[in-house]
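# Working through the structure, step by step
Here is how the chains run, residue by residue.
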Amino acid sequence: MRDQPTDLRETVRQRYAAAALKVTEGGAACCGSDCCGSDGCGPEPVEVDENFGSTLYAAADRDTLPAEALAASLGCGNPTAVAELRQGERVLDLGSGGGIDVLLSARRVGPAGKAYGLDMTEEMLALAVANAAKAGVTNVEFLKGAIEAVPLPAATIDVVISNCVINLSVDKPAVFAEAFRVLRPGGRIGVTDVVADDTLTPAQRGERGDYVGCIAGALSFAEYREGLEAAGFTDVEIAPTHAVADGMHSAVVRAVKPV
């Protein structure tokens, strides 16, 4: 019998590799419960609905980015806005995909700051590097790795961001622990993610969408808070922004690593 977490991780990797290749070929990536059939995304470009993708960013932000970065956007919010980035900060984007949030972060932190993007998918990393070159952004670095094992030293990051990716992890306590480890004391996280109502069981979440569609793997509000606090975070705030399925929400999540 194969290991289910390993199977899920590989399914997610294949799904996002296919999304990157679709964008490279001139199509559009997709996320959400209804954008792919049982056999995955087909060869034709699939439009991302209003709950996911680049439409959730301000027009002024979209206008500064390559079309390929916008097409590859699969998130459920805009973490670069909720994280309130400042000049000179060092930012890490967990699950950086085509690089949209890394590029926006790099502009916000300025030449004295730096934005790192971490992704496990070679195809997404290649797309992100190409997008950074097209955008003329140089204070970025893209790393290959899993968000459960960040390839950066401890206490080197000011802000951890992520956009609709933590729900895809098969080991969320490890993600929270790694975010806590790489943050400097006083650092913070500002992420957007799909979160379930506390009344929904894992089985009920699965009924509303599949794992790679950013639904079935979502934590509840209480589970998310408990996970962050168990990792050591304080001042945890989880605020829903819009519904993505019945009882499932895109939410802004903020927390702080104590000094």
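Structure shown above.
Quick look at the structure, then. It should be emphasised that the depicted structure is a prediction, and the values quoted were computed from it without experimental measurement.

## Considerations on the overall build of the protein chain
In terms of helices and strands, the protein chain carries nine helices and eight strands. Across the 259 residues in the protein chain, those meeting the buried criterion constitute 54%. Within the protein chain, contacts between residues at least 6 apart in sequence are counted, and of these 69% link residues at least 24 apart. If you sum the accessible surface of the protein chain, you get close to 10,800 Å²; carbon and sulfur atoms cover 54% of it.

## Observations concerning helix α9 (residues 221-231)
Of all the residues in α9, the buried ones are F221, Y224, G227 and L228. Along the long axis of α9, the arc covered by the buried residues comes to 135 degrees, so they all point the same way. When the buried face of α9 is taken as reference, the exposed residues oriented beyond 90 degrees from it are E226 and A230. Packed against the buried residues of α9 are α7 (172-182), β5 (183-196), β6 (219-220), β7 (234-245) and β8 (248-256). Positive backbone phi, approximately 115 degrees, marks G232, located one or two places after α9.

## Details of the side chain of E89
Along the polypeptide, E89 turns up in the loop between α4 (79-82) and β1 (90-94). Residue classification places E89 among the buried residues on the basis of a relative accessible area of 6%. One polar contact links E89 to R188, side chain to side chain, over a distance of 3.0 Å. Setting aside anything within four residues of it in sequence, one finds E89 in contact with E84, V109, G113, K114, D158, V159 and R188.

## Observations concerning the pattern of salt bridges
If you walk through the whole model with that rule in mind, you get nine salt bridges. Across the pair E122 and K144 runs a salt bridge, and its minimum N-O distance is 2.9 Å. Taken together, the residues span a long stretch of sequence, with E122 in helix α6 (residues 122-135) and K144 in strand β3 (residues 140-144) at a distance of 22 residues. Here E122 falls in the partly exposed class, since its relative accessible area comes to 45%. Between E178 and R181 there is a salt bridge; the shortest N-O distance is 2.8 Å. Note that E178 and R181 are positioned in helix α7 at a spacing of three residues, about one turn of the helix.

## Considerations on the pairing of β7
Note that β7 and β8 share eight bridges and pair antiparallel. If you follow T234 over to β8, its bridge partner there is V256. In this structure, the hairpin formed by β7 and β8 is closed by a connection of two residues, where G247 is found at a positive phi of approximately 80 degrees.

## Quick notes on the packing of aromatic side chains
In this structure the tally under the stated criterion is two aromatic pairs. Considering the side-chain rings of F176 and Y224, the 5.4 Å spacing of their centres and the 50 degrees angle between planes classify their relative orientation as tilted. One end of the pair, F176, is in helix α7; the other, Y224, is in helix α9, and 48 residues separate them in sequence. For the pair F176 and Y224, a shared accessibility class is recorded, and that class is buried.

Reading the values: the criteria
Residues numbered from 1 in each chain as written. Predicted model: local features only at pLDDT ≥ 70, side-chain atom pairs only at ≥ 80, totals over all residues. Heavy atoms only, no water. Helix = DSSP H or I, 4+ residues; strand = E, 2+ residues; numbered from the N terminus. Buried < 20%, exposed > 50% of the residue type's maximum accessible area, 1.4 Å probe, protein only. Contact = heavy atoms within 4.5 Å. Areas by Shrake-Rupley, 256 points an atom, 1.4 Å probe, with all protein chains shown as cover. Arc of directions from axis to C-beta. Polar contact = N/O pair within 3.5 Å; in protein donor to acceptor, adjacent residues only side chain to side chain. Salt bridge = Lys/Arg side-chain N within 4 Å of Asp/Glu carboxyl O. Pairing = 2+ DSSP bridges. Phe/Tyr/Trp six-rings, centres within 6.5 Å; stacked < 30°, edge-to-face > 60°.

Function cannot be inferred from these measures alone, as they are strictly geometric.
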